[in-house]
Amino acid sequence: MKRPLLIFLAVFVIFGYSFIGATAKVEGEYAKIKQPLVEDTLVYLKKLSVTGDFDGDGKQDTIYQNTFSGITHQFVDSFPASAWDSIQIYFDRIDADVFLTVRNRKCDTLHLGSGGGLYCLINMGDNNKDKKDEIALVLDNYSFTNISNCTIYSLCGSQWQELKTFQIHQFAFEYEGIDEPVFKRIKGFLEYRKNKWFYIDYMDWFNAEKNQDTVLKPLKIRKCN
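Note that the coordinates shown come from a computational prediction; the quantities given were computed from them, not determined experimentally. (Residues numbered from 1 in each chain as written. Predicted model: local features only at pLDDT ≥ 70, side-chain atom pairs only at ≥ 80, totals over all residues. Heavy atoms only, no water.)

Sheets are built from strands paired through backbone hydrogen bonds, the pairs being either parallel or antiparallel. Read from one edge to the other, the open sheet built from four strands follows the order β7-β8-β9-β10, with strand pairing classed as antiparallel. At either end of the open sheet lies a strand with only one pairing partner, and these are β7 (117–125) and β10 (159–169). Taking the axes of each pair of neighbouring strands and ignoring which way they run, one obtains an average angle of 25 degrees across the sheet. Note: strand β8 (residues 134–140) against strand β9 (residues 147–156), four bridges, orientation antiparallel. When the bridges of β9 are listed, Leu137 appears paired with Thr151. (Pairing = 2+ DSSP bridges. Helix = DSSP H or I, 4+ residues; strand = E, 2+ residues; numbered from the N terminus. Axes fitted to C-alpha atoms, helices over the stretch in contact; angles between N-to-C directions.)

Structure, rendered in structure tokens:
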């Protein structure tokens, strides 16, 4: 009676060990394969540029947007996909600075703050009749709110000045398909109609009591101080 019992125990141990070993091997291979995919997969940041006569000299200028890390002292063109859940903290941790420069022009760099880039960078033309084109932009700081600021800037001498700011909702940048378009308007909040720009602040739209209060109104931009 003892021998069959010993045989049974021996078989159990052998098969049990094989099962555990196989499971560990499968789990080890799974972890070995899966982990690098999470760590090594990068999300690449889009970089925008826009052309126009921003200094009023009658020649075309080009504005470039970039992101720079104050920690690594390198340009930032991507971030790890594993950082999605805490992406705003990630950009804060690397001291990311989104900024604009004008090619071949002696003017100050426009620093916009922490983030990964811009939703849009729009040449609005000359709206305040100062013979210079203004720009409108929305910073993409990957915050967990759906409300962002649209800011309009003008190059005043060698320095940028903020001429107007209003709030928009990020649903204006939703799109279909794989390739993200270059936005030349902010749908529902900043639109070009019949050779004029019209806008509405999101909070005015949100708190509107009448339909007429949701209608976009002509945009008026002051000149440089």
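Here the narrative resumes.
This part is about the sheet that holds strand β2 (residues 49–52). An order of β2-β3-β5-β6 is seen for the four strands of this open sheet, with the pairing classed as antiparallel. If you trace the sheet from one side to the other, it starts and ends with β2 and β6 (110–113), each paired once. On average, each strand axis in the sheet is inclined to that of its neighbour by 25 degrees, with strand direction left out of account. Examined bridge by bridge, β2 and strand β3 (residues 61–69) share four bridges and lie antiparallel to one another. The partner of Thr51 across the bridge, within β3, is Thr62.

A few words on the state of the cysteines. Inspection of the entire model under this criterion finds one disulfide. Residue Cys156 pairs covalently with Cys224 via a disulfide, S to S 1.9 Å. Taking the sign of the S-S torsion, -75 degrees for the link of Cys156 and Cys224, the bridge is left-handed. Of this pair, Cys156 sits in strand β9 while Cys224 sits in the segment after β13 (217–218), placing them 68 residues apart in sequence. What makes Cys156 buried here is its relative accessible area of 14%. (Disulfide = S-S within 2.5 Å. Buried < 20%, exposed > 50% of the residue type's maximum accessible area, 1.4 Å probe, protein only.)

This part is about unusual backbone geometry. Of note in the backbone geometry, Asp95 takes a positive phi value of approximately 55 degrees without being a glycine. Mapping Asp95 onto the fold places it in the loop between α2 (87–93) and β5 (96–102). Residue Asp95 is classed as partly exposed on the basis of its relative accessible area of 43%. Of note in the backbone geometry, Asn195 takes a positive phi value of approximately 65 degrees without being a glycine. Structurally, Asn195 can be placed in the loop between β11 (190–193) and β12 (196–199). Of the residues examined, Asn195 reaches a relative accessible area of 66% and is grouped as exposed.

Let us look at the environment of Phe91. As for its position among the elements, Phe91 is in helix α2. The buried category is assigned to Phe91, whose relative accessible area is 0%. Considered as a pair, Phe91 and Tyr142 are 51 residues apart in the sequence and their alpha carbons are 8.7 Å apart. Setting aside residues up to four positions removed in sequence, Phe91 forms contacts with Leu45, Val76, Phe79, Ala96, Ser114, Gly115, Gly116 and Tyr142. (Contact = heavy atoms within 4.5 Å.)

With that out of the way, let us pick up the environment of Val138. Among the structural elements, Val138 can be located in strand β8. Among the residues examined, Val138 registers a relative accessible area of 0% and is labelled buried. In this structure the C-alpha to C-alpha distance between Val138 and Ile186, which are 48 residues apart in sequence, comes to 9.3 Å. In this view, Val138 contacts Leu118, Tyr119, Cys120, Ser148, Asn149, Cys150, Ile168, Phe173 and Ile186; residues no more than four positions away in its chain are not counted.

Right, let's talk about the pairing of β5 for a bit. The buried fraction of β5 is high, at six of seven residues. Pairing analysis gives seven bridges linking β3 to β5, with the strands arranged antiparallel. Paired with Ile63 across the two strands is Val102, which belongs to β5. Two strands pair when backbone bridges link them, and β5 and β6 are joined in this way by three bridges, in the antiparallel orientation. Note that in β6 the partner of Leu100 across the bridge is Leu110.

In short, geometric facts, not functional conclusions.
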